[in-house]
Amino acid sequence: MSEQICKAKEIVVISGKGGTGKTSLTASFAALAKDNVIADCDVDAPDLYLVSEPRLLQKEEFVAGKSAHIQTELCIGCGECSATCNFDAIHLDGPGNGGVEKTCRIDNFACEGCGACTLVCPAKAIELEDNHCGEWFISETRFGPMVHARLAVASENSGKLVTIVRRSARCLAHEREIGLLICDGPPGIGCPVIASVTGADLVVLVTEPSLSGRHDLNRILELTNHFRVPAVICINKYDINLEQTEAIERFAREHQVPVVGKIQYDPIFSHAQAMKCSVVEYSGNAASQQIRSTWRHVLYALG
Amino acid sequence: MKIAIASGKGGTGKTTVSTNLAAIAARSGETVYLVDCDVEEPNCHLFMQPSLERKSTITLTVPRILEDICTGCGDCAKVCQFHALACIQKRVVTFPDLCHGCGACTIACPENAIADGFREIGVVEEGTSNHGNFMHGRMRIGEPMSKPLIHALKERTTTNGLTILDCPPGSSCPVIEAVSGVDYVVLVAEPTPFGLSDMEIVVELLRVLDLPFGVVVNRSQGADDVISKYCAIHDIPILLRIPEARRIAEISSNGCLAIDEIDGVDALFVRLLSAIHGKIEEMTVQ
């Protein structure tokens with residue numbers, strides 16, 4: 001069940017800017033594709049489960065990275081660890097222990113689990129322990145199997161969790177001989193986004209016609225070029241500002257990125273959410289037709 | 001005073017709230033510092049049009065192996081928790097992109113064979129606009145870690161006047177870095193199922209971090225939406241409702257401030273500013 005031998009094609013939907021309609025489009029694409037594996041890679045704000053009504057099959061613990069823990073009774077209050085920590089995570093303001101008035105206290109939100117403190121502590125009072133950073137799930141949905149996750153509150157390592165979600169989605173596709181994998185990506189251009197796009201067959205960049213949308217599209221396209229992932233553009237809410245839409249189309253031509261669809265502003269996007277379904281399942285109106293046409297163009301671009 | 005503008009879900013209107021609030025505060029005579037902490041996709045400058053006079057490159061210290069001293073013992077690779085060093089056949093190879101800059105390898109090296117190298121994380125740009133002082137970070141494309149850049153921004157903030165921090169979306173490490181140490185957090189939420197689900201996660205986070213917060217409902221269609229109901233049950237103050245209006249989206253799409261273009265929006269933000277001041281005063285009294 002190696003991921004290398006999995007032949008499924010993988011489409012990742014991202015946007016740079018948040019709130020452009022990634023999840024609504026991913027759910028619609030999943031509904032139109034019928035037979036596919038879906039993966040929610042937006043692990044710190046996962047929403048795909050709200051419209052796909054997953055039935056849980058399997059739940060796994062996500063353990064990644066470490067964090068430093070101090071045995072206060074051993075601490076001699078020398079402050080070596082605090083001076084060494086590059087993350088400002090150790091402070092000499094912990095409770096007294098009989099030997100010293102103040103001991104070192106570790107701020108686990110700031111700790112990155114590097115272990116530098118454990119190397120310098122003369123009293124061997126600090127140890128690294130495994131971090132339980134969340135959970136990931138395999139579920140059954142009406143669109144096909146789905147892999148999703150939930151990062152624990154105030155946890156790190158979202159990029160690693162994304163990698164696990166994608167890998168397990170690819171394994172599922174292989175096991176069940178499903179040829180298509182659709183991933184809902186996170187916003188931004190940082191570590192979880194990089195973990196979502198590397199090695200994908202096609203990235204769909206969902207943008208909106210605004211100065212902010214254009215600015216962010218430019219940066220996310222630089223990112224997909226940097227990692228050599230083929231990209232196409234979809235302009236959501238295109239009629240909010242037709243001049244900005246034209247500017248995006250010009251930008252796309254100049255960078256030779258196909259615009260696969262333009263979808264009008266429509267409140268059915270939030271109505272569908274309220275009904276726990278995708279836009280194309282909820283309505284057959286103009287916006288819904290535009291999504292269908294976008295999906296055909298995405299498949300064409302995927303080859 | 002420092003306030004953070006945050007949201008779990010992207011695109012709920014954080015930047016709209018940050019920029020309009022900063023402009024209203026500056027207009028009322030406050031000394032304002034607007035800090036765009038969404039270093040992956042910064043947008044505040046599009047609305048404030050600041051002149052960015054100062055620029056500094058932010059780097060992370062990563063290991064540089066001094067080959068002629070290194071004996072290939074591999075102690076550095078053994079202590080690295082991030083797999084940023086590997087020792088293969090008595091040769092140390094570094095993977096700077098994985099490095100967190102902790103310095104454990106330098107401590108572990110018995111030969112002092114590791115010197116400082118640098119990886120660029122991004123730049124911090126500072127200046128002024130018509131609406132007060134301005135600062136933002138721009139992360140280098142391909143850089144995975146935004147935390148050091150947000151940290152650099154926050155190191156440059158002062159306690160004078162009113163500092164408004166526009167946060168990245170989500171609820172993981174970049175958000176924690178952006179909100180840590182602020183006096184108050186304003187959560188911008190939209191009244192949809194996605195908006196509620198993502199807000200719940202950030203509420204949990206802020207409770208764990210023990211930070212005081214209130215909610216702005218954006219694109220509100222009345223007082224009985226999912227966000228308002230949640231806030232009522234969980235005793236979370238609603239600071240403001242910004243009504244659903246296509247016109248606000250249109251104005252913002254051109255990089256203009258809604259308070260300048262739409263009648264009545266300025267009054268909304270005056271109310272928000274005084275609500276925030278009120279909440280912070282309440283806490284100081286207690």
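Parameters and conventions
- Residues numbered from 1 in each chain as written.
- Chains lettered and ligands numbered in written order.
- Predicted model: local features only at pLDDT ≥ 70, side-chain atom pairs only at ≥ 80, totals over all residues.
- Heavy atoms only, no water.
- Helix = DSSP H or I, 4+ residues; strand = E, 2+ residues; numbered from the N terminus.
- Buried < 20%, exposed > 50% of the residue type's maximum accessible area, 1.4 Å probe, protein only.
- Contact = heavy atoms within 4.5 Å.
- Salt bridge = Lys/Arg side-chain N within 4 Å of Asp/Glu carboxyl O.
- Pairing = 2+ DSSP bridges.
- Axes fitted to C-alpha atoms, helices over the stretch in contact; angles between N-to-C directions.
- Buried area = accessible area lost by both parts, 1.4 Å probe.
- Polar contact = N/O pair within 3.5 Å; in protein donor to acceptor, adjacent residues only side chain to side chain.
- Nonpolar A, V, L, I, M, F, W, Y, C, P; charged D, E, K, R; others polar.

### Brief notes about the environment of B:Gly170
Tracing the backbone shows B:Gly170 in the loop between β8 (162-166) and α6 (173-179). With relative accessibility at 5%, the residue B:Gly170 sits in the buried group. Excluding residues that lie within four positions of it along the chain, B:Gly170 makes contacts with A:Asp44, B:Ser7, B:Gly8, B:Val175 and B:Val202.

### Observations concerning the pattern of salt bridges
Using the criterion set out here, one finds 28 salt bridges over all chains in the structure. Across the pair A:Arg166 and A:Glu10 runs a salt bridge, and its minimum N-O distance is 2.8 Å. Here A:Arg166 is found in helix α5 (residues 158-175), whereas its partner A:Glu10 is found in strand β1 (residues 9-14), with 156 residues between them in sequence. Relative accessible area serves as the criterion here: at 3%, A:Glu10 is assigned to the buried category. Of the charged contacts, one joins B:Arg27 and B:Asp260 as a salt bridge, the two residues approaching to 2.6 Å between their closest N and O atoms. On the criterion of sequence distance, the pair formed by B:Arg27 in helix α1 (residues 14-27) and B:Asp260 in helix α10 (residues 258-261) is long-range, its members being 233 residues apart. The class for B:Arg27 is partly exposed, based on a relative accessible area of 48%.

### Comments concerning the sheet that holds strand β11 (residues 238-243) of chain B
Residue and element names in this part refer to chain B. The strand order across the open sheet formed by 9 strands is β3-β6-β7-β2-β8-β1-β9-β10-β11, and the pairing between neighbours is mixed. Looking along the sheet, the strands with just one partner apiece sit at the ends: β3 (51-65) and β11. Neighbour to neighbour, the strand axes of the sheet diverge by 20° on average, direction disregarded. As paired elements, strand β2 (residues 32-36) and β8 share 5 bridges and run parallel to each other. Paired with Tyr33 across the two strands is Thr163, which belongs to β8.

### Structural notes on the interface of chain A and chain B
In this complex, chain A contributes 59 residues to the contact, which on the side of chain B involves 52 residues. Summed over both sides, the interface of chain A with chain B buries roughly 4,600 Å², with 57% coming from carbon and sulfur. Considering only the side of chain A, the residues that lose the most area to chain B are A:Asp44, A:Arg219 and A:Gln273, jointly responsible for 13% of the buried surface there. The salt bridge partner of A:Glu112 is B:Lys147, with a shortest N-O separation of 3.2 Å. Connecting chain A to chain B are 31 residue pairs in polar contact (both at pLDDT 80 or more). Going through the elements one at a time, α1 (22-33), α2 (49-52), α4 (116-120), β7 (144-151), α6 (191-197), α7 (211-226) and α9 (268-274) of chain A are the ones with two or more residues in the side of chain A that touches chain B. Per element, the largest residue contribution to the side of chain A that touches chain B is 9 residues, and it comes from α7(A). A per-class count over the side of chain A that touches chain B returns 28 nonpolar, 20 polar and 11 charged.

In short, geometric facts, not functional conclusions.
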